[in-house]
Amino acid sequence: MPLPRTATTFAPPVMEARRWLDGATFPDHRPLMNVSQAAPVDPPPRALREVIAETALTNDAAHLYGPVLGLPELRAELAERWSKSYGGRIDSEQVCITSGCNQAFAAAISTLTGEGDEVILPTPWYFNHKMWLDMAGVTSIALPTGADLLPDPDQAAALITDRTRAIALVTPNNPGGVEYPSELVRAFLDLCRRHKIALIIDETYRDFDSRTGAPHDLFQDPDWHDTLIHLYSFSKAYRLTGHRVGAMVASQARLAEVEKFLDTVAICPNQIGQYAALWGMHNLSQWLAGERAEILDRRAAIQDGFPRLAEQGWRLMGLGGYFAYVEHPFDLPSNQLGPELVRRAGILLLPGTMFMPEHDRDGARQLRIAFANLDRAGIGQLFTRLTGASF
Ligand SMILES: Cc1ncc(COP(=O)(O)O)c(C=O)c1O
């Protein structure tokens with residue numbers, strides 16, 4: 001008998017890690033450092049919160065069901081913005097708004113796959129991608145990355161079968177942090193097009209990319225929509241995680257299929273959240289540039305401070321977006337090290353095993369540090385605790 005859908009996958013990793021905190025105590029001189037989740041902990045800027053409050057009080061339509069594919073003004077704004085920033089042509093009918101980027105991924109996969117189909121994911125992978133594929137009855141085909149955490153298109157080509165429906169990339173990467181070079185992303189588009197499969201590219205962390213200008217040229221290809229599905233999240237940019245607003249850019253024909261999924265699952269994205277996202281796009285560019293500069297400074301602090309850890313056998317594998325992905329020097333596997341770090345060092349982070357297929361042993365040596373919520377002093381503290389730890 002086939003398993004129920006949810007029984008085909010694992011429990012949510014962030015929740016599992018949170019349970020390591022049960023019963024743990026943190027003395028005043030060593031409070032918990034939580035670098036487990038890639039989510040801004042501060043609320044949105046005050047002006048945006050005022051817009052949210054004002055929308056709730058004065059815009060009656062914001063309390064009703066809205067269009068399944070999202071607010072037309074927000075779709076149009078994103079189309080115009082992305083057309084400009086990627087130097088291509090995206091129509092508003094090629095944009096839909098979703099209840100967060102995770103839902104966009106789920107919707108995209110539902111338009112592409114049937115039972116037993118395959119999707120290629122570079123490893124370490126984003127665990128929610130793996131979880132959705134499991135629950136959708138789709139086989140995740142792991143594409144191991146090398147020491148630089150970059151996937152190799154030739155290796156991917158060798159994994160394509162007649163059941164492959166898509167390759168899904170995340171750049172800047174979660175959990176690896178790495179920013180995929182433009183030519184690499186282009187090589188994946190060409191590969192996918194040759195094989196008539198989709199290229200899904202999740203750019204949740206695009207606003208924190210260290211490169212200036214467009215991170216890839218895929219939208220400059222006038223036929224991008226025959227292959228490309230681009231995903232975005234408003235969660236990180238404007239600190240709207242709890243409002244659940246994301247987006248998908250794809251062909252109009254695919255969005256007609258996506259509409260079936262979204263209508264059934266959530267009917268429409270959060271209306272107040274969409275107004276907030278729209279106001280953010282109109283008014284918070286400067287503010288977001290400041291946020292990006294701060295994240296890049298924190299990233300530089302990781303880079304600058306890492307030699308202290310490297311001396312003790314740590315290795316920095318990837319750095320960017322919200323993440324540092326590291327190899328630890330201890331004999332303990334990372335899934336045991338995680339709870340121990342809570343108890344002995346007051347650090348909550350996620351083990352590499354949560355981002356890897358079970359059979360892959362590399363995850364046991366790796367850890368993800370979601371550093372975005374730590375300022376320079378906090379990063380210094382984190383490194384002091386890590387260098388002081390022994391197992
Ligand atoms: C790669 C990636 N995609 C999607 C998401 C989820 O975004 P949202 O809050 O928009 O669902 C995250 C959040 O951590 C992420 O890291």
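Residues numbered from 1 in each chain as written. Predicted model: local features only at pLDDT ≥ 70, side-chain atom pairs only at ≥ 80, totals over all residues. Heavy atoms only, no water.

1. Observations regarding the site of the ligand
Line of reasoning, step 1. Taken together, the neighbourhood of the ligand is formed by 13 residues, with Cys101, Asp202, Tyr205, Ser233 and Ser235 sitting nearest.
Line of reasoning, step 2. Within the side chain of Tyr205, a nitrogen or oxygen atom sits 2.6 Å from an oxygen atom of the ligand.
Line of reasoning, step 3. Here Lys236 contributes a side-chain N or O atom positioned 3.0 Å from an oxygen atom of the ligand.
Line of reasoning, step 4. Within the complex, the protein chains bury 92% of what would otherwise be the 400 Å² of accessible surface of the ligand. (Near = heavy atom within 4 Å. Polar contact = N/O pair within 3.5 Å; in protein donor to acceptor, adjacent residues only side chain to side chain. Areas by Shrake-Rupley, 256 points an atom, 1.4 Å probe, with all protein chains shown as cover.)

2. Regarding the pairing of strand 9 (residues 315-320)
The two faces of a sheet get side chains in turn, since along a regular strand they alternate between them.
Line of reasoning, step 1. Where strand 9 and strand 10 (residues 323-327) come together, five bridges link them in antiparallel fashion. Across the sheet, Leu316 pairs through a bridge with Val326, a residue of strand 10.
Line of reasoning, step 2. Here strand 9 hands over to strand 10 after two residues, with Gly321 in that stretch at a positive phi of 55°. (Pairing = 2+ DSSP bridges. Helix = DSSP H or I, 4+ residues; strand = E, 2+ residues; numbered from the N terminus.)

3. Quick notes on the pattern of salt bridges
Two side chains bearing opposite charge may form a pair once their charged atoms approach each other closely.
Line of reasoning, step 1. By the definition in use, this model includes 26 salt bridges.
Line of reasoning, step 2. The closest approach of N and O atoms between Asp209 and Arg211, which form a salt bridge, is 2.7 Å.
Line of reasoning, step 3. Residue Arg211 is classed as partly exposed on the basis of its relative accessible area of 27%.
Line of reasoning, step 4. With its nearest N and O atoms 3.1 Å apart, the salt bridge here joins Glu327 to Arg365. Taken together, the residues span a long stretch of sequence, with Glu327 in strand 10 and Arg365 in the loop between strand 12 (350-351) and strand 13 (366-370) at a distance of 38 residues.
Line of reasoning, step 5. A single network of salt bridges, built from pairs that share partners, joins Arg186, Asp190, Arg193, Asp217, Asp221 and Asp226. (Salt bridge = Lys/Arg side-chain N within 4 Å of Asp/Glu carboxyl O. Buried < 20%, exposed > 50% of the residue type's maximum accessible area, 1.4 Å probe, protein only.)

4. Here's the deal with the domain arrangement of the protein
Line of reasoning, step 1. With domains assigned, the protein is organised as domain 1 (5-43 + 287-387) and domain 2 (59-283).
Line of reasoning, step 2. Inter-centroid distance (C-alpha atoms) of domain 1 to domain 2 is 25 Å.
Line of reasoning, step 3. With 37 residues of domain 1 at the interface, the matching set in domain 2 holds 36 residues.
Line of reasoning, step 4. Together, the buried faces of domain 1 and domain 2 total about 3,000 Å²; carbon and sulfur atoms form 63% of this surface.
Line of reasoning, step 5. In this assembly, domain 1 and domain 2 are joined by three salt bridges.
Line of reasoning, step 6. Between Arg239 and Glu291 there is a salt bridge; the shortest N-O distance is 3.0 Å.
Line of reasoning, step 7. Scanning the region where domain 1 abuts domain 2 turns up twelve residue pairs in polar contact (both at pLDDT 80 or more).
Line of reasoning, step 8. The set of elements that each furnish at least two residues to the side of domain 1 that touches domain 2 consists of helix 1 (13-19), helix 10 (285-310), strand 9 and strand 10.
Line of reasoning, step 9. A per-element tally of the side of domain 1 that touches domain 2 places helix 10 first, with seven residues. (Domains from an automatic or database assignment. Contact = heavy atoms within 4.5 Å. Buried area = accessible area lost by both parts, 1.4 Å probe.)

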